[in-house]
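# A closer look at the structure
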Amino acid sequence: MTHLFSPSLDSERKHDEPREAIIRFDKVSKTFRSGDGEHAALHDISADIFPGSIFGIIGLSGAGKSTLVRLINGIEQATLGEVIVEGQKLSQLNARQGRKLRTTIGMIFQSCNLMPSRTVRDNILLPLQDKDLSREEREQRVDSLLELVGLSGRERAYPNELSGGQQQRVAIARALANNPRILLCDEATSALDPATTTSILDLIRTINRNTGVTVVMVTHQMSVIKHVCDEVMVLDHGTVVEQGSVYSIFVNPHDALTRTFIETTSNLGRINDLIHADNPAITIGKRQRLIRLQYSKEDVSEPLVSLMTARFGVLVNILLSDIESIGGRPIGGLVATIEGSAENIESALDFLRKKDVRVEVIEHV
Ligand SMILES: Nc1ncnc2c1ncn2[C@@H]1O[C@H](COP(=O)(O)OP(=O)(O)OP(=O)(O)O)[C@@H](O)[C@H]1O
């Protein structure tokens, strides 16, 4: 079978070489003008997306995620600032250059947009129609793509004979037909159940790791970011409120919106439900505080809670605990009550902070 994809250039990169972004947003703003007036959808966005990475963009509905991703393939144009893709300033490309660049960018959406009257094979063949390829090369390419997305044997099926997850696999194969260097995914798993979402995200990650295609993933679900992305940008009303590696953002989120997103993915977020439901397990006495701890050290063997209770004469009652792995690195956390004099509690919490534990005192009445 012919090899469709070249190996990741990024994986061959020497560690001390400076990385050059494959996509750069340089102070980008986007304002829509309509009969109703002006609407600022994006404000002063700067970011670098590196080759071979999976870059997530998360935000609530209307935050500007889709607009940002549409700037990359030129469906929308920036009002201010510059979008640079593979070293080319998009504002300076003529129509022919723009079309050429777009052939290096694939895109998938929440709705797969397959042609219902065409088979799986014909849907994947569609973007190859105008290519200078022999019939045999085209057929071989479709076979490779079918194998890549795990649909060998289903090439004669029509879209309505496939599950949602299978249809999204066809859409991925079609988006990859031209061997793009960038794959844009706009809410690609939002319509799928959790198990199918996981399988599609795993497929995207496998393709990313095996081919080096750079993936930009738009989502409103932090679980998607956590599962598959290397880097993340949090958008709020068209502004970047936080960006960095997924691990660093999970360990140390600065923005309230980011924290809210993270809570949806953690068992510890359940504490808010228990508080709201007035659960009797969360009865806090006068000498008690409710605390949430998060520790990120790879070596979590030091029994910090035991040390703290022994050293500061406080009592700790663990209500919820969690340990998870993000990008193969552990993040642990727990929610507990801590009981003692105000002074001892403060000293105990300071002790934890000095050990790089993130400490949050949860206020509730
Ligand atoms: N073509 C357009 N004309 C006018 N306003 C637009 C246009 N496209 C988007 N907007 C506005 O820009 C803002 C950002 O929209 P966008 O679709 O990028 O948000 P989003 O974060 O992707 O939202 P969702 O998750 O709901 O898809 C919204 O207020 C939207 O109404």
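The structure displayed is predicted, hence computed values, not measured ones.

Attention now goes to the nonpolar core. Of all hydrophobic cores here, the largest spans 52 residues; its most connected members are Ile108, Ile124, Ile172, Cys185, Ile204, Val215 and Met217. The dominant element in this core, judged by the number of residues it contributes, is helix 5 (residues 164–176), at six residues. If we skip the residues at most four places from it in the chain, isoleucine 124 touches Val142, Leu145, Leu146, Val170, Ala173, Arg174 and Ala177. Counting residues in hydrophobic clusters, the runner-up holds 28 residues, among them Ile72, Val83, Leu93 and Ile105.

In the numbering adopted here, UniProt assigns the feature "domain: ABC transporter" (unreviewed entry) to residues 23–262. End-to-end, the C-alpha atoms of residues 23–262 are 26 Å apart, and along that stretch the chain is 36% helix and 28% strand.

Moving on: the packing of helix 5 against helix 6 (residues 194–211). Angle between the axes and distance between the axes: these two values describe a pair of packed helices. Their axes nearest at 10 Å, the elements helix 5 and helix 6 cross at an angle of 20°. Relative to helix 6, the element helix 5 lies roughly parallel. Read as a crossing pair, helix 5 and helix 6 show a hand that is right-handed. For the pair helix 5 and helix 6, contact is made by Gly165, Gln168, Arg169, Ile172 and Leu176 and by Thr196, Ser199, Ile200, Leu203, Ile204 and Ile207, respectively. Looking at side-chain class alone, the contact of helix 5 with helix 6 contains six nonpolar, four polar and one charged residues.

This paragraph deals with the sheet that holds strand 5 (residues 88–89). Here four strands make up an open sheet; going across it, the order is 2-1-4-5 and the pairing antiparallel. Only two strands of the sheet have a single neighbouring strand rather than two, namely strand 2 (37–49) and strand 5. Relative to strand 2, strand 1 (residues 23–34) runs antiparallel, the two sharing nine bridges. Bridging from a neighbouring strand, serine 34 pairs with glycine 37 of strand 2.

Below, the discussion takes up the sheet that holds strand 6 (residues 105–109). Here six strands make up an open sheet; going across it, the order is 6-7-8-3-9-10 and the pairing mixed. Looking at strand neighbours, the two that pair on one side only are strand 6 and strand 10 (239–245), the edges of this open sheet. Strand-to-strand twist in this sheet, taken as the mean axis angle between neighbours without regard to direction, amounts to 15°. Examined bridge by bridge, strand 3 (residues 54–59) and strand 8 (residues 214–219) share five bridges and lie parallel to one another. Paired with isoleucine 54 across the two strands is valine 215, which belongs to strand 8. Running at roughly 155° to strand 8, helix 1 (residues 65–72) makes contact with strand 3, strand 6, strand 7 (182–186), strand 8 and strand 9 (231–236) of the sheet. Contacts from helix 6 reach strand 3, strand 6, strand 7 and strand 8, with the element oriented near 155° to strand 8.

If you walk through the whole model with that rule in mind, you get two cavities of 30 Å³ or more. The space that makes up the largest cavity amounts to roughly 230 Å³. Along its surface, the largest cavity is lined by 17 residues, and Ile262, Ser266, Arg292, Gln294 and Arg358 are the ones closest to its centre. For the lining of the largest cavity, the elements supplying multiple residues, two or more each, are helix 9 (256–263), strand 11 (288–295), strand 12 (315–326), strand 13 (329–339) and strand 14 (358–362).

The rules behind each value
Residues numbered from 1 in each chain as written. Predicted model: local features only at pLDDT ≥ 70, side-chain atom pairs only at ≥ 80, totals over all residues. Heavy atoms only, no water. Core = buried A, V, L, I, M, F, W, Y, C linked by side-chain atoms within 4.5 Å. Buried < 20%, exposed > 50% of the residue type's maximum accessible area, 1.4 Å probe, protein only. Helix = DSSP H or I, 4+ residues; strand = E, 2+ residues; numbered from the N terminus. Contact = heavy atoms within 4.5 Å. UniProt positions renumbered as here; feature names shortened; annotations may be inferred. Axes fitted to C-alpha atoms, helices over the stretch in contact; angles between N-to-C directions. Parallel < 35°, antiparallel > 145°, perpendicular 65-115°, else oblique. Left-handed = near helix turned anticlockwise from the far one by under 90°. Nonpolar A, V, L, I, M, F, W, Y, C, P; charged D, E, K, R; others polar. Pairing = 2+ DSSP bridges. 1 Å grid on protein atoms, 1.4 Å probe; cavity = no way out; pocket = protein on both sides within 12 Å on 5 of 7 lines; lining within 4 Å. Points joined across faces, edges and corners; volume = space filled by probe spheres on them.

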